[in-house]
Number of protein chains: 2
Amino acid sequence: VTPVTIAVDAMGGDYAPHEIVKGAIDGAKRHDVKVLLVGHPDAIEAELKKACIGHAQYEVVPALETIDMGESPIKGMRRKKDASIVVTARCVSEGRAQGMVAAGSTGAAMTAALFQLGRIEGIDRPAIAVTLPNLTRPTLLIDAGANVDCEPEWLAQFAHMGTVFMQNIYDVSQPNVGLLNIGSEESKGNAFSLAAHALLKQTQGIRFMGNVEGRDLFLGDVDVAVCDGFTGNVALKSAEGIAIMMNRFLKSAMTAKPHRALGAMLAKSGFAEAKRRVDPAEFGGALLLGVQGVCVIAHGGSSGNAIQNAIRVAKEGIQKNVVEKIKATQKVMV
Amino acid sequence: VTPVTIAVDAMGGDYAPHEIVKGAIDGAKRHDVKVLLVGHPDAIEAELKKACIGHAQYEVVPALETIDMGESPIKGMRRKKDASIVVTARCVSEGRAQGMVAAGSTGAAMTAALFQLGRIEGIDRPAIAVTLPNLTRPTLLIDAGANVDCEPEWLAQFAHMGTVFMQNIYDVSQPNVGLLNIGSEESKGNAFSLAAHALLKQTQGIRFMGNVEGRDLFLGDVDVAVCDGFTGNVALKSAEGIAIMMNRFLKSAMTAKPHRALGAMLAKSGFAEAKRRVDPAEFGGALLLGVQGVCVIAHGGSSGNAIQNAIRVAKEGIQKNVVEKIKATQKVMV
């Protein structure tokens, strides 16, 4: 049996190639997949020597260029046909792999995936879907930043894609879809969200629960929160910011007095547990939904553990046929 | 000497009138102001009997009706001319008080303040300004929800008002103004934020630092973050949501094992300290900037402590002549 094969851009991310190669090898072993390590062969081989390879199935795919974080994704891709992110996406379009994982520039990963894999018919714009922690269940935020100005119709497509994702990846049979807005009443919102609400209300094939607020992303009973990419990105980054701030405040408070430091030491495993429940690395990164292939975009600052989890999510997406199922929802719509 | 006088809607908020009266009396004593307690005299008198009044200067102003949270503010106000929130705002417009504090429905407080006090000339739309905690300094978010669809010009006005606020209330001589956006580069954003960026760049009288992201609200060096009220509200409520979630995760982790519970007990004062640094109640609520009077809108769930802090902020706004200074910036502009 040929195992599931996932192409990994070994050169992307703040801690590439070290953490990426380490995480990819770890992911290959844990989740029983084959990984294609795409990037500069010398750099990858050097990391492979350090890594404990064991039974990992992997292959090195040479790509001698990289697109940097600051670089314009589109210009970079035109100039660098052999950039690691492009070659990674090409592994999927040419059938060498069924899915891809990339850290580093979100824009570059999106552009490469879009150009190499193409859109799913019926989906106007692929969107970034991020799984957020929530008091009771994971919540999918879509779009988290791919499309800054949206048409209401796109949000209906995001709702369909998010529904398929939550059904297949998190086994939620009938996901609640909410529109991220500034009040729960139907009359609340700006011109765009009022139009989106009206459209979502009459969209078939989703379970629309109405408006949800920023708080509900983390406290509510919403499975799929849809919004334009501008709003989603602001929500995500604001939450990220306050989470970092709170952890710093807590740390400085705990180290300010000896008895607190002692208490914190005793409760150390508790802090770690609480932190893990919020850690984006545990959720496996964002998915670019709407392209013809599984594309997981991990955080630029991804650790090996984040990459390993991204590989898990990619494998699930492949095995559960998420792309084909999204296609099917669009055929029903047409 | 006549003390600073602040009208307080004693009937607004989830814990009214108890927490409101308690906080108002506490605020009157601590900050040496006189408070007008507006609402049903019997209900207020009953609370006054419970409160430790001491040297508090106060007066009860009768208002027999209230506008409920669910009610439409405008309709409610038409029907109920004697609603406590309306009478509270009228105390300011008639000169009995120099400022007002209201918890409860933000929409009702805004509407009452706008109708009774009127706009400052040159300000198209009053905006809600909220002080956020930040790793290094308080950050003012404006607009946090008053105007869901904005013109770029309004954001320039928000920037002026925010600058005056930070100069006078937090003694920041030259506040950094940032546009809340989804990337720091000038080319980032949706159609509205690109237009707002272009305008803010050439706006006189502010120190525009460019775009800021959601993270910067809590981690960055921005003093005044401007945005439309839709974006601001989503940012604020997302942050609120994850903060509540993290505290719950922490609490459940700390109580899950006996040694953690012991550690948490030892470190108790540290948890309280860290929590206090993030607590909205400590910041005194939101200000409605752009109306002809000081109007502090406290959270619906305000405790006595939140009201006491709101009175402090109202007093500072009055003493530092924030309204007159905002007027002055608009005169220079015209």
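For the structure itself, look to the data block above.
Now for a look at the structure at hand. Note that the coordinates shown come from a computational prediction; the quantities given were computed from them, not determined experimentally.

1. Concerning the sheet that holds strand S5 (residues 127-132) of chain A
Residue and element names in this part refer to chain A. Spatial ordering of the open sheet is given by S3-S2-S1-S4-S11-S10-S5-S6-S9-S7-S8, a layout of 11 strands whose pairing is mixed. For this open sheet the edge positions go to strand S3 (57-62) and strand S8 (207-212), each flanked by a neighbour on one side alone. Direction aside, the axes of adjacent strands within the sheet are offset by 25° on average. In this sheet, strand S11 (residues 294-297) lies alongside strand S10 (residues 286-289) in antiparallel orientation, the contact comprising 2 bridges. Pairing of Leu287 across the sheet is with Val296, part of S11. This element, helix H5 (residues 106-117), spans strand S4 (99-102), S5, S10 and S11 of the sheet and lies at about 170° to S11.

2. As for helix H1 (residues 18-31) of chain B
Within an α-helix, residues lying three or four positions from one another point in the same direction, as the helix has 3.6 residues per turn. All names here are of chain B. With 14 residues, H1 extends 20 Å from end C-alpha to end C-alpha; this agrees with the ideal 20 Å at 1.5 Å per step. Taken residue by residue, H1 has Glu19, Ile20, Val21, Gly23, Ala24, Ile25, Gly27, Ala28 and His31 as its buried positions. Residues of H1 that are buried in the fold lie against strand S1 (5-9), strand S2 (34-39), helix H2 (41-50), strand S3 (57-62) and helix H13 (304-319). Downstream of H1 by one or two residues, Asp32 has phi in the positive range, about 55°.

3. Description of the pairing of strand S1 (residues 5-9) of chain A
Residues and elements named next belong to chain A. Across the 5 residues that make up S1, a large majority, 5, are buried. Residues Thr5, Ala7 and Asp9 point to one face of S1 and Ile6 and Val8 to the other, with burial holding for every one of them. The pairing of S1 with strand S2 (residues 34-39) spans 5 bridges and is parallel. Bridging from a neighbouring strand, Val8 pairs with Leu37 of S2. Pairing geometry for S1 and S4, over 3 bridges, is parallel. Of the residues in S4, the one forming a bridge with Ile6 is Gly99.

4. Section: the interface of chain A and chain B
Counting residues at the interface gives 54 residues for chain A, matched by 54 residues for chain B. Of the roughly 5100 Å² buried at the junction of chain A and chain B (both faces included), carbon and sulfur atoms supply 72%. Across the contact surface, chain A and chain B share 6 salt bridges. Across the pair A:Glu213 and B:Lys237 runs a salt bridge whose closest N-O atoms are separated by 2.3 Å. Viewed at the interface, chain B and chain A are joined by 15 residue pairs in polar contact (both at pLDDT 80 or more). At the level of elements, helix H7 (191-201), helix H8 (216-219), helix H9 (229-255), helix H10 (258-266) and helix H11 (268-276) of chain A are the ones that each hand at least two residues to the side of chain A that touches chain B. Top contributing element to the side of chain A that touches chain B by residue count: H9(A), with 22 residues. For the side of chain A that touches chain B, a count of residues per class yields 29 nonpolar, 16 polar and 9 charged.

The rules we used
Residues numbered from 1 in each chain as written. Chains lettered and ligands numbered in written order. Predicted model: local features only at pLDDT ≥ 70, side-chain atom pairs only at ≥ 80, totals over all residues. Heavy atoms only, no water. Pairing = 2+ DSSP bridges. Helix = DSSP H or I, 4+ residues; strand = E, 2+ residues; numbered from the N terminus. Axes fitted to C-alpha atoms, helices over the stretch in contact; angles between N-to-C directions. Contact = heavy atoms within 4.5 Å. Expected span 1.5 Å × (residues − 1). Buried < 20%, exposed > 50% of the residue type's maximum accessible area, 1.4 Å probe, protein only. Buried area = accessible area lost by both parts, 1.4 Å probe. Salt bridge = Lys/Arg side-chain N within 4 Å of Asp/Glu carboxyl O. Polar contact = N/O pair within 3.5 Å; in protein donor to acceptor, adjacent residues only side chain to side chain. Nonpolar A, V, L, I, M, F, W, Y, C, P; charged D, E, K, R; others polar.

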